[in-house]
Amino acid sequence: MQTKNREIAGHPAGLYILFFTEMWERFSFYGMKALLIFYLTKYHFFSDTEGNQIVGNYAALVYALPILGGILADRYLGFRKAVIFGAILLVLGHAGMAIEGSQAYYDNAGKVVRDETAVQVFYFSMGLIIMGVGFLKPNISTIVGQLYDKDDPRRDAGFTIFYMGINLGSFIATLLCGWLGETYGWRYGFGAAGIGMLFGLLFFIWGQKYLLGKAEPPNPELLKERSAVGVSKEWLIYILSAGGVFVCWQLVQHHRVVGSILTLTSVGVVLFLIWFIIRKCTRKEKGQMIVLLVLIIFTVVFWALFEQAYTSMNLFADRIIDRKTSFGEIKASQFLSLNALFIILLAPIFAWIWVKTAKRNIEPSTTVKFALGILLAGLGFGALVAGISNADDFGKVSPAWLVLAYLLHTCGELALSPVGLSAVTKLSVPRIVGFMMGVWFLATASSEFIAARLADIASVDTSGGIVTDVKGSLIVYADLFRFLFYIGLVAGGLLLLLSPLLRKLMREEKMNQ
Ligand code: GLN
């Protein structure tokens, strides 16, 4: 393929191709995710617990599959082809989500009657999205790193720009799809998400020439080889992955099985990495990989707190927050756009702080930044607890507290997430960088599952998705949020204590290189 070498505003043009593709991918992803819990509880009348479980299964699988997408890209497909394949699956999945069927109702005996066909189409579409994200998400992030040389000082800035693309997509989607879905009908919200993804796919196909050939298959001849079943190896990968969609379709409906698979995969991956570090790494690589592994493990805590946004915090916004304003009522899902908005506003400030502190030689280490992120996530829940203790006589809480919680969570995310992506591409042994990006997202997968379990602490009785006892539910939400506040403080504090040790480890290994 012909490549084009250009720079725009000091960065390779390819960065902007990745920026806009990922912007559309996240537009579709977050647009759909913001509606999910409401669609399940208000349209198909699932209980809070069932809804949390389905969101948890979906979100866990969506972030677990990147392991597979990462390995297949490392070994066979290369990152560019993997992104295109993932995007095609995503377009199909989001199109399927727009089929909503008919709303559930209660029969004479008070039992929920659902449109089962529509529910199955919905699960199947989720299967397509899960596989699609698995191929797209880790690999597009890895390509960002590939555009820069190992020591290129622009690398972290490149990731910050890329992260703004992610959140621009999320910001527009949560405002638009949330509003369309909750006002005009779910299919409009989900449909808009699908159209966004189609733009993403077309844009990437047009712009792939700017990736400088850095995302090509490691061994193109191998891909062309015939497989045992007659088709080329490349096509065999596509066909088997399409088969994987059927597996995900079933899995997304079975919470326990997802839990067991996640546990087994996570334990397997950690054991593999320990073996890999001991047996296959040079001294320098060892230090870097150990630090990376510890950091990735701690992200589980961060995302488990942060991801409450899509279950307990989303329902809390709907039920408890006083959403009436002089401009009309704000939709609960629209509060989610605050996270993305704060990222867009604050990312340049954070990037500036890192550059300034680096100049004075006082830049916090990646570990300290991570600890800060976790502490801030905990403090966000502190704000919600404070908000609940200041509830009005009707049990309603001012939106200012939720805004503050999202602000704190977002500052935490900025200290941990873009920094973490960059750390993966920098600290990982190059030959397994796609896999390590998958491991990074696998940590999120575990936290999504844990997040759904935690959200269950605040499951309250509903009828057709509407809370029956608002004041009683306040106590339940306060219990959950207080618990998460403590978890954040303890885990963040622990990592802070570990940071000198990790720093020493890195330094020693550097001296021995
Ligand atoms: N919000 C970020 C994204 O969508 C981070 C997600 C994650 O790593 N858990 O890319």
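Residues numbered from 1 in each chain as written. Predicted model: local features only at pLDDT ≥ 70, side-chain atom pairs only at ≥ 80, totals over all residues. Heavy atoms only, no water.

Draft legend 1. Summary view of the pattern of salt bridges. This structure, assessed with the given rule, holds 17 salt bridges. Measuring nitrogen to oxygen at the nearest pair gives 3.3 Å for the salt bridge that ties Lys42 to Asp318. With Lys42 in helix H1 (residues 13–43) and Asp318 in helix H12 (residues 312–319), the pair connects residues that are 276 residues apart, well separated along the chain. Exposure remark for Asp318: the relative accessible area of 11% places this residue in the buried category. (Salt bridge = Lys/Arg side-chain N within 4 Å of Asp/Glu carboxyl O. Helix = DSSP H or I, 4+ residues; strand = E, 2+ residues; numbered from the N terminus. Buried < 20%, exposed > 50% of the residue type's maximum accessible area, 1.4 Å probe, protein only.)

Draft legend 2. How the structure looks around a nonpolar patch on the surface. On the surface, a nonpolar cluster with roughly 560 Å² of combined accessible area is contributed by Ile172, Leu175, Leu176, Trp179, Tyr184 and Tyr188. Ranked by residue count, the leading element in the nonpolar patch is helix H6 (residues 155–183), at 4 residues. Residue class for Tyr184 comes out exposed when judged on its relative accessible area of 53%. (Patch = residues over 30% accessible without salt bridge, like charges linked within 9 Å, V, L, I, M, F, W, Y side chains within 5 Å. Areas by Shrake-Rupley, 256 points an atom, 1.4 Å probe, with all protein chains shown as cover.)

Draft legend 3. The arrangement of the site of the ligand in detail. Near the ligand you find Arg26, Tyr30, Tyr63, Lys137, Tyr163, Ile166, Trp303, Glu413, Ser417, Trp440, Phe441 and Thr444, and these make up its full shell. Contacts to the ligand include Lys137, whose side-chain N or O atom sits 2.4 Å from an oxygen atom. In the model, a nitrogen atom of the ligand is placed 3.1 Å from a nitrogen or oxygen of the Thr444 side chain. Relative to its unbound accessible surface of 300 Å², the ligand loses 97% to contact with the protein. (Near = heavy atom within 4 Å. Polar contact = N/O pair within 3.5 Å; in protein donor to acceptor, adjacent residues only side chain to side chain.)

Draft legend 4. Molecular detail of the packing of aromatic side chains. Summed over all chains, the structure comprises 36 aromatic pairs. Taking 5.4 Å as the distance between ring centres and 90° as the angle between the ring planes, the aromatic pair formed by Trp179 and Tyr184 counts as edge-to-face. Residue classification places Trp179 among the partly exposed residues on the basis of a relative accessible area of 36%. One aromatic cluster in this structure is built from Phe29, Tyr30, Tyr58, Tyr63, Tyr310 and Phe441. Positioned over the ring face of Phe29 is Arg26, at 4.0 Å from the centre of the ring. A cation over a ring is seen here: Arg114 above Phe46, with NZ or CZ 3.7 Å from the ring centre. (Phe/Tyr/Trp six-rings, centres within 6.5 Å; stacked < 30°, edge-to-face > 60°. Lys NZ or Arg CZ within 6 Å of the ring centre and 35° of its normal.)

Draft legend 5. Main features of the environment of Val424. The residue Val424 is located in helix H15 (residues 399–427) in this model. In sequence terms Val424 and Gly438 are 14 residues apart; their C-alpha atoms lie 9.9 Å from each other. Those residues in contact with Val424 that lie beyond four places of it in its chain are Leu292, Val433, Met436, Met437 and Trp440. (Contact = heavy atoms within 4.5 Å.)

Draft legend 6. Structural context of the nonpolar core. Counting residues in each nonpolar core, the largest one holds 160 residues, and the members touching the most others are Tyr58, Met126, Met436 and Phe481. The leading source of residues in this core is H1, at 16 residues. Excluding residues within four positions of it along the chain, Tyr58 makes contact with Phe29, Met32, Leu36, Met126, Ile129, Ile130 and Val252. Membership of the second largest hydrophobic core comes to 6 residues, among which are Ala173, Cys177, Ala192 and Ala193. (Core = buried A, V, L, I, M, F, W, Y, C linked by side-chain atoms within 4.5 Å.)

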